[in-house]
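# Breakdown of the fold
Below, each chain spelled out in residue letters.
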Amino acid sequence: MRVALDLLGGDAAPEATLQAAAAALDAWPDDLSLLLVGPGDLLREARSRFPRDRVAWLAAEEFIGPAEPPALAVRRKADSTVVRGLEAVRDGRADGFVSAGPTGATVVASVLTLGLLPGVDRPPVGALFPTATGRVLVMDVGANVDVRPRQLHQFAHLGSTYLRRTLSVGRPRVGLLNIGVEGEKGGGAIATAHGLLSADPELHFVGNVEGHQIVTGACDVLVCGGFVGNVLLKFYESIAEFVLGIFRNAGVGEGGELGEALRFLDYAEYGGAPLFGVDGVTVICHGTSPSRAIMNGIRTAADCAASGFTSVTRTSLARMPQESGA
């Protein structure tokens, strides 16, 4: 698999992205190559750090900043790292794209460059969270603040397909994040979505899931709107350091063993979050991602591409009931 990497994406770029690229090549020497996307002077400077047979280079002189309006910036900056990297995926020069740049710009550029799969209204971002029994995929964690019932239904199909195809989860359990387990809880769009999910024989829907049930492993795919999902994501990201701080202040785990035990809580271990529903592989990393998180994002993109996730998703969406499709 060849993965395109945005060298300018993230608060610690380009050093963090270059370190991530080198680490990924070392970690997976047999089945990974990279297409590094960045300005010409940076590419020339970095060439000596990488093996020639496993790295290709793509010049892109512009960068989209976090304060820029995503749609306008993507259209005006055709030579940005995000646009050029996604064009490489579209044109078959790369199998997936990874960026820790602004999420909005990456989402917009992915939709405009790769296009949406048939049956998808809006592409969600899915993130893996640790639980007591393994992991849960939360959909959406920030791409869509306001969602309709049929979009939540689409999220469930996208997430279930991803877990089956990429992470080998046989029959993923789908839960709908809510304030109570009763079907009518939440009202409006949430209650309607509950009805759609319950009536879909293609899904293993286990009902509403309350906040305290997430960490117990009540489901494998947790469906919610992007506003709630993003709040949940950022809360999860803060937990590991918070817990470590409490124990360290109490003089516990000074030798580092506690940190190792809680490593599964660190979001860097899970890397980036795939953007679902576009006709290609895009992985979005947090803007504050260290090199390890970006390295794992590269692995996520390679796994998605190798599994044929996009084509399988197309088939899964075609089986959705028409009233909840596009």
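Provided above is the structure to which this section pertains.
The structure contained in this document is the topic of the report that follows. These figures come from a predicted structure and were not determined experimentally.

### Some words on the pattern of salt bridges
- Under the defined criterion, the tally for this structure stands at 12 salt bridges.
- Where Arg 314 meets Asp 279, a salt bridge forms, and the shortest distance between an N and an O atom there is 3.0 Å. Placement of the pair is Arg 314 in helix H11 (residues 309-318) and Asp 279 in the loop between strand S10 (273-274) and strand S11 (282-284), with a sequence separation of 35 residues.
- We classify Arg 314 as partly exposed; its relative accessible area is 35%.
- The structure contains a network of salt bridges with shared partners spanning Asp 31, Arg 299 and Asp 303.

### Describing the sheet that holds strand S7 (residues 173-177)
- One open sheet holds the five strands; their spatial order is S5-S6-S9-S7-S8, and the pairing between them is mixed. Each edge of the open sheet carries a strand with a single partner, namely strand S5 (126-131) and strand S8 (204-209). With strand direction ignored, the average angle separating the axes of adjacent strands in the sheet is 30°.
- Here strand S6 (residues 134-139) pairs with strand S9 (residues 221-223) via three bridges, running parallel. Counted as the bridge partner of Val 138 is Leu 222 from S9.

### Focus on unusual backbone geometry
- Between Ala 13 and Pro 14 the backbone carries a cis peptide bond, its omega angle lying at 5°.
- Position of Pro 14 among the secondary structure elements: in the loop between strand S1 (2-6) and helix H1 (15-27).
- Cis geometry marks the peptide bond from Met 139 to Asp 140; its omega dihedral reads 15°.
- Position of Asp 140 among the secondary structure elements: in the loop between S6 and helix H6 (149-166).

Conventions used here
Residues numbered from 1 in each chain as written. Predicted model: local features only at pLDDT ≥ 70, side-chain atom pairs only at ≥ 80, totals over all residues. Heavy atoms only, no water. Salt bridge = Lys/Arg side-chain N within 4 Å of Asp/Glu carboxyl O. Helix = DSSP H or I, 4+ residues; strand = E, 2+ residues; numbered from the N terminus. Buried < 20%, exposed > 50% of the residue type's maximum accessible area, 1.4 Å probe, protein only. Pairing = 2+ DSSP bridges. Axes fitted to C-alpha atoms, helices over the stretch in contact; angles between N-to-C directions.

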